[in-house]
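What follows is the residue order along each chain.
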Amino acid sequence: MKDEAPGRRNPGTALHREWFETIRVNTPASERRAASLPQRRSLKKEWQAAWLLNAVRCIDLTTLSGDDTSDRVARLCAKARQPIDAVQLSALGIDGLTTGAVCVYPTMVSAAKRSLDGSGVPVASVATGFPAGLMPLDLRLAEIRYALDQGADEIDIVISRAHVLQGDWSALYDELCAMREACGGALMKSILATGELKTLENVAKASHVAMQAGSDFIKTSTGKEPVNATLPVSLTMLRAIRDYRDQTGFAVGFKPAGGLRTAKDALNWQVLMVEELGRDWLRPNLFRIGASSLLGDIERQISHHVTGRYAASHRLAAG
């Protein structure tokens, strides 16, 4: 195995079908393993608070609604700048906590960039016909270029699910390579929409193809599917990341999205990262959480830890 390189971007490889075509996933075993994870580490008091604060710095704070406005995006960006009350952070000895990024539609990128100016918080944009991806490839690539022209630092692309369901790995690889080229220097997160891929084997194979095509992150879901991020799906994707690292020496990031709503969810997914990939994957350069409502529950838990009581909802930052 080559030296691991968590700080270097994944350059991708040629399409190596032999790395994934024989993959078989024992679904009941994956489900049992995932179900056991919450019991593997007991996080209490200051340890729980520390893990929750780490989750905050890994959140891609997201608004992807048809009624998004520049004012709503500005409020979201203000929350990204100061996601936890400054007094509570001071009591914990923490200074300057922000979320990992803000994620919006391409037309909202310029508003987010203005609101985040000087904060160091990157702007991520969904693109390529989000959420279904059912647009001609040239238009999907044009959407990437538009988001970049507006100032996006990261692009969350969606794959064509049909390529996976038909086992057309060359078509999927070529599509992703074109998207990676269009992204240029921007980070590319590939959304697999796992709730529509039918089997864990398809999830594993799509993960491998996405990484071989140069994805910097692989992401579970758009948040718009009937089933979004689950622990068994995430476990499957993390083991694909581990296999790819062992083959190439390159570390690819992971982003669960959709369905993570509670502080307990934030803890469970971090335990999964540590158990499967190690502590390097608890950092924002390799782990993001796509969420819009998760932060509110984390705030409540932090308030309880600091003050001994839960804050009233009207005292939490507005999203």
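All of these numbers come straight from a predicted model, not from anything done at the bench.

Moving on to helix α1 (residues 27-36). Buried within α1 we find S30, R33 and A34. Angular distribution of buried residues about the axis of α1 spans 95°; they occupy a single face of the element. Structural note: α1 exposes R32 and A35 on the side pointing more than 90 degrees away from its buried face. Along its buried surface, α1 packs onto α9 (200-212), α10 (231-248) and α11 (263-276). Measuring from the side-chain oxygen of the N-cap residue of α1 to the backbone nitrogen of A29 gives 3.1 Å; that N-cap residue is N26.

If you look at the biggest cluster of nonpolar residues, it comprises 94 residues, and the most contacted ones within it are I144, I155, L176, F254 and I298. I298 has contacts with L52, A55, V56, I59, A263 and A266, leaving out every residue within four places of it along the chain. One finds L64, F130, V158 and I191 within the second-largest nonpolar core, a separate group that totals seven residues.

Once that is clear, we can look at the confidence of the model for the chain. Overall, the predicted model of the chain reaches an average pLDDT of 93, with 95% of residues at or above 70. Taken together, the stretch residues 1-5 has pLDDT below 50 and engages in 10 contacts with residues farther than four places along the chain or on a different chain.

Right, let's get into the pairing of strand β4 (residues 154-158). Taken across its five residues, β4 has five buried, putting it largely inside the fold. Neither face of β4 is open: one carries E154, D156 and V158, the other I155 and I157, and all of them are buried. Read as a crossover between parallel neighbours, the route from strand β3 (residues 123-126) over helix α6 (residues 137-150) to β4 is right-handed. In terms of strand pairing, β4 meets strand β5 (residues 187-191) through five bridges, oriented parallel.

This paragraph deals with the side chain of D60. Structurally, D60 can be placed in strand β1 (residues 59-62). In terms of polar contacts, D60 uses its side chain to reach the side chain of K255, at 2.8 Å. Other than its neighbours up to four places away in sequence, D60 contacts G100, A101, E154, K189, K255, R288, I289, G290 and A291.

The strand order across the open sheet built from eight strands is β7-β6-β5-β4-β3-β2-β1-β8, with neighbouring strands paired in parallel fashion. On the outer flanks of this sheet lie β7 (253-255) and β8 (289-291), each paired with one strand and no other. Strand-to-strand twist across the sheet, computed as the mean angle between neighbouring axes with direction ignored, equals 25°. Its contacts with the sheet place helix α5 (residues 109-116) against β2 (101-104) and β3, and it is angled at close to 170° to β3. Across the sheet, α10 is in contact with β6 (217-219) and β7; its angle to β7 comes to roughly 170°.

Relative to each other, helix α2 (residues 45-57) and α11 sit at 85°, their axes nearing to 10 Å. In terms of axis orientation, α2 runs roughly perpendicular to α11. The residues of α11 that touch α2, namely those facing Q48, W51, L52, N54 and A55, are A263, A266, L267, Q270, V271 and V274.

Over its 13 residues, α9 runs 18 Å from end to end, which matches the ideal 18 Å to within 8%, given 1.5 Å per residue. If you check which residues of α9 are buried, you get L200, N202, V203, A204, K205, A206, S207, H208, V209, A210, M211 and Q212. As for α9, its buried residues are in contact with α1, α7 (161-165), α8 (169-183), β5, β6 and α10. Positive backbone phi, at 105°, marks G214, one or two positions downstream of α9.

Reading the values: rules and limits
Residues numbered from 1 in each chain as written. Predicted model: local features only at pLDDT ≥ 70, side-chain atom pairs only at ≥ 80, totals over all residues. Heavy atoms only, no water. Buried < 20%, exposed > 50% of the residue type's maximum accessible area, 1.4 Å probe, protein only. Helix = DSSP H or I, 4+ residues; strand = E, 2+ residues; numbered from the N terminus. Arc of directions from axis to C-beta. Contact = heavy atoms within 4.5 Å. Polar contact = N/O pair within 3.5 Å; in protein donor to acceptor, adjacent residues only side chain to side chain. Core = buried A, V, L, I, M, F, W, Y, C linked by side-chain atoms within 4.5 Å. pLDDT = per-residue confidence, 0-100. Right-handed = clockwise from strand over helix to strand, strands pointing away. Pairing = 2+ DSSP bridges. Axes fitted to C-alpha atoms, helices over the stretch in contact; angles between N-to-C directions. Parallel < 35°, antiparallel > 145°, perpendicular 65-115°, else oblique. Expected span 1.5 Å × (residues − 1).

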